[in-house]
Amino acid sequence: MKFLDYLKDRCYAIILFFCFYFLFLMLFFVFHFSHVFVFSILFFIFFVLLILIDYFRKKSFYQKLLFHIDQLDQSYLVLELLDCPNFYEGKLLYQALYDINKSMMEKVNSYEMGVIDFKEYIEMWIHEVKIPISSFRLMVHNHKVNEEMVPLVKRIEDYVEQILYYVRSEHAHQDYLINEVSLQKVISHIALQNKDDFLGHRIDFIVEVHEEVVMTDSKWLSFILNQIIHNSIKYRDESKSSYIQITVKEDRETVTLEVFDNGIGIPATDLKKVFEKSFTGYNGRMRAKSTGMGLFIAKNLCEKLGHKIMIDSKQYVYTKVTIVFLKNHYYEVLK
């Protein structure tokens, strides 16, 4: 709160005061009152003191208000750090902010309840729709209705699964459970899920994993690795023998998992954007219809689980996705 701005805001009152002040002095001179000069000086000093007292009283409140608004990440909590001021204008502002804050919180709570209800409905719908999809997939396998329908059914199943994890990723702290997970078991499960694609497209799946254990959530990790494997399958180079290789390195602080494929790679211009929401890039436009959501969700889940995910690629040569898991002590601190 600047003093000059404060004076500008009260310019009419100050002008009116000086008008009456000079009128008062003229009357004193006309009627020849004694001690006019001393009386006028005292009167002026009294007025200036009133202005200064009023300014500094209000300045303290407004400075605290602006300071806390600037410092807080959630500015609507500013009233929790302020005392109700002792001047009328401040009380009006304080009450207005309180009413606005109360109305906003009611709206936010109503919105959050709506989002939670929608999330629960979507999860329930996904679980229900997965039953007929699984049945249909089983029928296609058993009766050999049409071989071309197998990948289509699997794609539907993958997209439904992607919706489920996208919805859950917004509330991941409520859904994940961090414990010791065997990488070998997770990768074996993923290999079983994708065996039809490996066989159908003649992709060698090479796994160099032993007894490594990481602290993570097995469901989230399965989904993350599945998204990476799906991309490796989708963007394989059909002009040569394709392979996907998974390796694990371990040191004192971390466990590093790498998924390497010899597919068509990612253009250098797209590499920095692959984790952005709905980004499809050159490959997504040219080779396959892509939602651009798989890696975005994977990145989001990795961050919430405390893992680090990186991607490196050279177009027409390779793509390598790296996931870094921190060791036990990190999660002990997190708990």
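Just above sits the structure.
First, a word on what this report is: a plain description of the structure on this page. (Residues numbered from 1 in each chain as written. Predicted model: local features only at pLDDT ≥ 70, side-chain atom pairs only at ≥ 80, totals over all residues. Heavy atoms only, no water.)

Observations concerning the overall build of the protein
Item 1. Within the protein one finds 11 helices and 7 strands.
Item 2. Within the protein, residue pairs in contact and separated by at least 24 positions form 68% of the contacts whose partners lie at least 6 positions apart.
Item 3. With an accessible surface of roughly 21400 Å², the protein has 62% of that area assigned to carbon and sulfur atoms. (Helix = DSSP H or I, 4+ residues; strand = E, 2+ residues; numbered from the N terminus. Contact = heavy atoms within 4.5 Å. Areas by Shrake-Rupley, 256 points an atom, 1.4 Å probe, with all protein chains shown as cover.)

Remarks on the packing of helix 5 (residues 149–169) against helix 10 (residues 294–305)
Item 1. Closest axis-to-axis distance for the helix 5/helix 10 pair is 10 Å, and the angle between their directions is 40°. It follows from the interaxial angle that helix 5 and helix 10 lie oblique. Of the two possible hands of crossing, helix 5 and helix 10 adopt the one that is left-handed. Together, Gln162, Tyr165, Tyr166 and Ser169 of helix 5 and Gly294, Phe296, Ile297, Asn300, Leu301 and Lys304 of helix 10 make up the contact between the two elements.
Item 2. Classifying every residue of the contact of helix 5 with helix 10 by side-chain character gives 5 nonpolar, 4 polar and 1 charged. (Axes fitted to C-alpha atoms, helices over the stretch in contact; angles between N-to-C directions. Parallel < 35°, antiparallel > 145°, perpendicular 65-115°, else oblique. Left-handed = near helix turned anticlockwise from the far one by under 90°. Nonpolar A, V, L, I, M, F, W, Y, C, P; charged D, E, K, R; others polar.)

Looking at the packing of helix 5 against helix 8 (residues 218–234)
Axis angle and axis distance: for two packed helices, these are the angle between their axes and the distance between the axes, and together they describe the pair.
Item 1. The N-to-C vectors of helix 5 and helix 8 enclose an angle of 135°; their axes lie 11 Å apart at closest approach. Our classification of the angle between helix 5 and helix 8 gives oblique. Note on packing geometry: the crossing formed by helix 5 with helix 8 is left-handed. Across the interface between the two elements, Lys154, Asp158, Glu161, Gln162, Tyr165 and Arg168 from helix 5 touch Lys219, Trp220, Phe223, Gln227 and His230 from helix 8.
Item 2. A class-by-class count of the residues in the contact of helix 5 with helix 8 yields 3 nonpolar, 3 polar and 5 charged.

Topic: the pairing of strand 7 (residues 318–326)
Item 1. Where burial is concerned, most of strand 7 is hidden: 7 out of the 9 residues are buried.
Item 2. Sheet topology places strand 6 (residues 308–314) next to strand 7; 7 bridges connect them, and they run antiparallel. Along strand 7, the bridge assignment pairs lysine 314 with tyrosine 318.
Item 3. Hairpin remark: strand 6 followed by strand 7, antiparallel, with 3 residues in the connecting loop; positive phi at tyrosine 316, about 70°. (Buried < 20%, exposed > 50% of the residue type's maximum accessible area, 1.4 Å probe, protein only. Pairing = 2+ DSSP bridges.)

Here we look at the environment of phenylalanine 61
Item 1. As for its placement among the helices and strands, phenylalanine 61 is situated in helix 3 (residues 36–71).
Item 2. Residues phenylalanine 61 and phenylalanine 87, 26 residues apart in the sequence, show an inter-C-alpha distance of 9.8 Å.
Item 3. Ignoring any residue separated from it by four or fewer positions in sequence, one finds phenylalanine 61 in contact with Leu82, Asp83, Pro85, Phe87, Gly90 and Leu93.

Some remarks on the side chain of glutamate 212
Item 1. Here glutamate 212 is to be found in the loop between strand 2 (203–208) and strand 3 (213–216).
Item 2. Buried charged residue glutamate 212 carries no salt bridge. Nearest counter-charge: lysine 327, at 10 Å.
Item 3. Among the polar contacts made by the side chain of glutamate 212, one reaches the main-chain amide nitrogen of histidine 210 at a distance of 2.8 Å.
Item 4. The contacts of glutamate 212, once residues within four sequence positions are left out, are Val181, Ser182, Leu183, Val248 and Glu250. (Lys, Arg positive; Asp, Glu negative; His and termini not counted. Salt bridge = Lys/Arg side-chain N within 4 Å of Asp/Glu carboxyl O. Polar contact = N/O pair within 3.5 Å; in protein donor to acceptor, adjacent residues only side chain to side chain.)

Describing the packing of aromatic side chains
Item 1. Evaluated as defined, the whole model comprises 6 aromatic pairs.
Item 2. Ring geometry for phenylalanine 61 against tyrosine 62: centres 5.3 Å apart, planes inclined by 70°, an arrangement best described as edge-to-face. Accessibility assignment for this pair places phenylalanine 61 and tyrosine 62 in one class, buried.
Item 3. Counting every residue linked through ring pairs, the aromatic cluster contains Tyr165, Trp220 and Phe223.
Item 4. When the ring centre of phenylalanine 275 is taken as reference, the NZ or CZ atom of lysine 299 above it lies at 5.2 Å. (Phe/Tyr/Trp six-rings, centres within 6.5 Å; stacked < 30°, edge-to-face > 60°. Lys NZ or Arg CZ within 6 Å of the ring centre and 35° of its normal.)

Quick look at the sheet that holds strand 2
Item 1. Spatially, 2-4-5-7-6 is the arrangement adopted by the 5 strands of the open sheet, whose pairing is mixed. Either end of the sheet is taken by a strand with one partner, and the two such strands are strand 2 and strand 6. Strand-to-strand twist of the sheet, defined as the mean angle between neighbouring strand axes without regard to direction, takes the value 15°.
Item 2. For strand 2 and strand 4 (residues 242–250), the ladder comprises 6 bridges, and the chain directions are parallel. Counted as the bridge partner of aspartate 204 is tyrosine 243 from strand 4.

Considerations on unusual backbone geometry
Residues apart from glycine generally show negative phi values, whereas peptide bonds are mostly found in trans.
Item 1. Phi at arginine 202 takes a positive value of approximately 55°, unusual for a residue other than glycine.
Item 2. Among the secondary structure elements, arginine 202 is positioned in the loop between helix 7 (195–200) and strand 2.
Item 3. One non-glycine residue, tyrosine 316, lies in positive phi territory at about 70°.
Item 4. Along the chain, the position of tyrosine 316 falls in the loop between strand 6 and strand 7.
Item 5. The exposure class of tyrosine 316 is exposed, given its relative accessible area of 51%.

Focus: the nonpolar core
In globular proteins that are soluble, nonpolar side chains generally tend to be buried together.
Item 1. Leu183, Leu225 and Leu257 are the most contacted members of the largest nonpolar core, which totals 51 residues.
Item 2. Beyond its immediate stretch of four places on either side in the chain, leucine 257 contacts Leu183, Ile187, Leu225, Ile246, Thr247, Val248, Val321, Thr322, Ile323 and Phe325.
Item 3. Membership of the second largest hydrophobic core comes to 8 residues, among which are Tyr62, Val78, Leu82 and Tyr94. (Core = buried A, V, L, I, M, F, W, Y, C linked by side-chain atoms within 4.5 Å.)

Let's talk about the pattern of salt bridges
Item 1. Per the stated rule, a full pass over the model turns up 7 salt bridges.
Item 2. With a shortest N-O distance of 3.3 Å, glutamate 253 and arginine 252 are connected by a salt bridge.
Item 3. Residue classification places arginine 252 among the exposed positions, given a relative accessible area of 70%.

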